[in-house]
Amino acid sequence: MRIARFSIDGNVAFGAVEGDKPDELVLDIIKGIPFADFELSGTKVPLSKVRLLPPVLPNKVVAFGRNYAEHAKELGNEVPDAPFAFFKPSTSVIGPGDEIQYPSFSNELHHEAELAVVIGRMCREVPRERVKDVILGYTCANDITARDVQKREKQWARAKGFDTSCPLGPWVETDLDASDLTIQLTVNGQQRQLGRTSEMIHSIEDLIVNITEAMTLLPGDVILTGTPAGVGPLNVGDEVAVTIEGIGTLTNKVIKRG
């Protein structure tokens, strides 16, 4: 099931996305929230009539860096022996079609296409064999990075945590084998990144076991799983699109921060 979060006439709701042709998609409004038992209302609205929002509002975004060997290599970094985590705040999250604001403190903004895992239930110290039980589904993410700031500062809070630096969407796909999916990213229609989730150094199971050893994850929290090689610059006016097999496409435009 594809679960979207959207607004219509000033109201926010979740809905199940139905249909195959982009111009014929409809939303069956969900009674309740997707993190508990819910029913479909049978009330349907065309996707074209709503504004898609970030599919979840996470309490926290846990991101893992250098999880693709070729990406670590292209930036001159060692491949970590264990998962390497950092955080993006909830205020960094935007949805499909929202604008990425080029931060005033950076001159080198980069894109990073990533598979995002959405947590479906509160969990801590998750054993490997139970990881799938705590996952609601998967969505597309773009770990927007102020690369010059990342290089200059010893920690990454500003470089990767500024407002609008975490586009998510367009929806959450709940029925998906995420072990070997194509990830690609285009800028103004030109391909920049192309990889597969099977190239991850540390698997989704590794990442969730690792982070839940340290902290509790809450429903709606998001795990970013790393980016394949091909990261590169974004400029004001660029349109950047992340497409993941079996999920869909997340598109955002870069604007000058006002």
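Below: a short report on this structure.

The rules behind each value
Each chain has its residues counted from 1, following the order in which its sequence is written. For this predicted model, a pLDDT threshold of at least 70 governs which residues receive local features, and a threshold of 80 or more governs which side-chain atom pairs are given and counted, while totals over whole chains, interfaces and linings are taken from all residues. Just so you know, side-chain values use all the structure's heavy atoms and leave hydrogens and water out. Two strands qualify as a pair provided that DSSP identifies no fewer than 2 bridges between them. Each helix corresponds to a stretch of at least 4 residues labelled H or I by DSSP, and each strand to a stretch of at least 2 residues labelled E; elements are numbered beginning at the N terminus. Disulfides are defined in this document as cysteine sulfur pairs within 2.5 Å. Any residue under 20% of the maximum accessible area for its type is buried, any over 50% is exposed, and the rest in between are partly exposed; the area is computed with a 1.4 Å probe on protein chains only. Contacts between residues were defined by any pair of non-hydrogen atoms, one from each residue, lying within 4.5 Å. Two N or O atoms count as a polar contact when they lie within 3.5 Å, although within protein this holds only if one can serve as hydrogen donor and the other as acceptor, and sequence-adjacent residues are included solely when both atoms are side-chain atoms. Pairing of aromatic rings covers Phe, Tyr and Trp, the last through its six-membered ring, and needs centres within 6.5 Å; plane angles under 30 degrees mean stacked, over 60 mean edge-to-face, and all others mean tilted. Charge-over-ring contacts are defined here by two conditions on Lys NZ or Arg CZ: a distance within 6 Å of the ring centre and an angle within 35 degrees of the ring normal. A pairing counts as a salt bridge when a side-chain nitrogen of Lys or Arg comes within 4 Å of a carboxyl oxygen of Asp or Glu.

### Describing the sheet that holds strand 13 (residues 145-146)
Pairing is antiparallel across the open sheet formed by three strands, whose spatial order is 13-10-18. Among the strands making up the open sheet, the edge pair consists of strand 13 and strand 18 (232-234).

### Description of the state of the cysteines
Every disulfide links exactly two cysteines, by a covalent bond between their sulfur atoms. Tallying each qualifying case throughout the model produces zero disulfides. No disulfide involves Cys123; its nearest neighbouring cysteine sulfur is the one of Cys166, lying 18 Å away. The exposure class assigned to Cys123 is buried, which follows from its relative accessible area of 6%.

### Some thoughts on the environment of Glu74
Relative to the elements of secondary structure, Glu74 occurs in helix 1 (residues 69-74). Judged by relative accessible area, Glu74 falls into the partly exposed class, the value being 35%. Residues Glu74 and Phe84 lie 10 residues apart in sequence; the distance between their C-alpha atoms is 17 Å. Apart from residues lying up to four places away in sequence, Glu74 is in contact with Pro228, Ala229, Gly230 and Val231. Polar contacts involving the side chain of Glu74 include one to the side chain of His71, which spans 2.8 Å.

### Topic: the environment of Val172
Looking at the element boundaries, Val172 is found in strand 14 (residues 166-173). Exposure remark for Val172: the relative accessible area of 1% places this residue in the buried category. Taking the C-alpha atoms as reference, Val172 lies 8.9 Å from Val117; in sequence the two are 55 residues apart.

### Section: the pairing of strand 16 (residues 190-196)
Of the strand pairs in this sheet, strand 15 (residues 182-187) and strand 16 are connected by six bridges, and their pairing is antiparallel. Within strand 16, the residue paired with Val187 across the bridge is Gln190. In this structure, the hairpin formed by strand 15 and strand 16 is closed by a connection of two residues, where Asn188 is found at a positive phi of approximately 55 degrees.

### So, the side chain of Gln150
Within the secondary structure, Gln150 is located in helix 2 (residues 147-152). Residue classification places Gln150 among the buried residues on the basis of a relative accessible area of 13%. Every residue in contact with Gln150, bar those within four places of it in the chain, is listed here: Thr145, Trp156, Ala159 and Lys160.

### Some words on the packing of aromatic side chains
In this description, an aromatic ring pair is defined by two values, namely the gap between the centres and the angle between the planes. The final tally for this structure, using the stated rule, is four aromatic pairs. A ring pair is formed by Phe14 and Phe35, whose centres lie 6.5 Å apart and whose planes are at 85 degrees; its orientation type is edge-to-face. Of this pair, Phe14 sits in strand 2 (residues 11-18) while Phe35 is found in the loop between strand 3 (26-31) and strand 4 (39-46), placing the two residues 21 residues apart along the sequence. Residue class for Phe14 comes out buried when judged on its relative accessible area of 13%. For Phe35, a relative accessible area of 24% gives the class partly exposed. Taken together, a centroid distance of 5.3 Å and an interplanar angle of 65 degrees make the contact between Phe84 and Trp156 edge-to-face. Pair noted here: Phe84 is in strand 7 (residues 84-88) and Trp156 is in the loop between helix 2 and helix 3 (157-161), with a separation of 72 residues, a long-range link. By way of ring pairs, the aromatic residues Phe84, Phe86 and Trp156 are connected into one cluster. Taking NZ or CZ as reference, Arg66 lies 5.2 Å from the ring centre of Phe84, over its face. Its end group placed over the ring of Phe105, Arg158 keeps NZ or CZ at 4.7 Å from the ring centre.

### Looking at the pairing of strand 20 (residues 248-256)
Of the strand pairs in this sheet, strand 9 (residues 99-102) and strand 20 are connected by four bridges, and their pairing is parallel. The residue bridging Tyr102 from the neighbouring strand is Lys256, located in strand 20. As defined by bridge partners, strand 19 (residues 239-244) adjoins strand 20 across six bridges and the pair is classed as antiparallel. Directly across from Ala241, in strand 20, lies its bridge partner Thr251. Linking strand 19 back to strand 20 in an antiparallel pair, the connection comprises three residues, with Gly246 at a positive phi of about 85 degrees.

### A short note on the pattern of salt bridges
Counting across every chain of the model gives 14 salt bridges. Glu18 is the partner of Lys44 in a salt bridge, and the nearest nitrogen-oxygen pair spans 2.9 Å. Separated by 26 residues along the polypeptide, Lys44 in strand 4 and Glu18 in strand 2 bring together distant segments of the chain. Taking relative accessible area as the criterion, Lys44 reaches 48% and is therefore assigned partly exposed. Exposure remark for Glu18: the relative accessible area of 25% places this residue in the partly exposed category. Across the pair Lys151 and Glu108 runs a salt bridge, and its minimum N-O distance is 3.9 Å.

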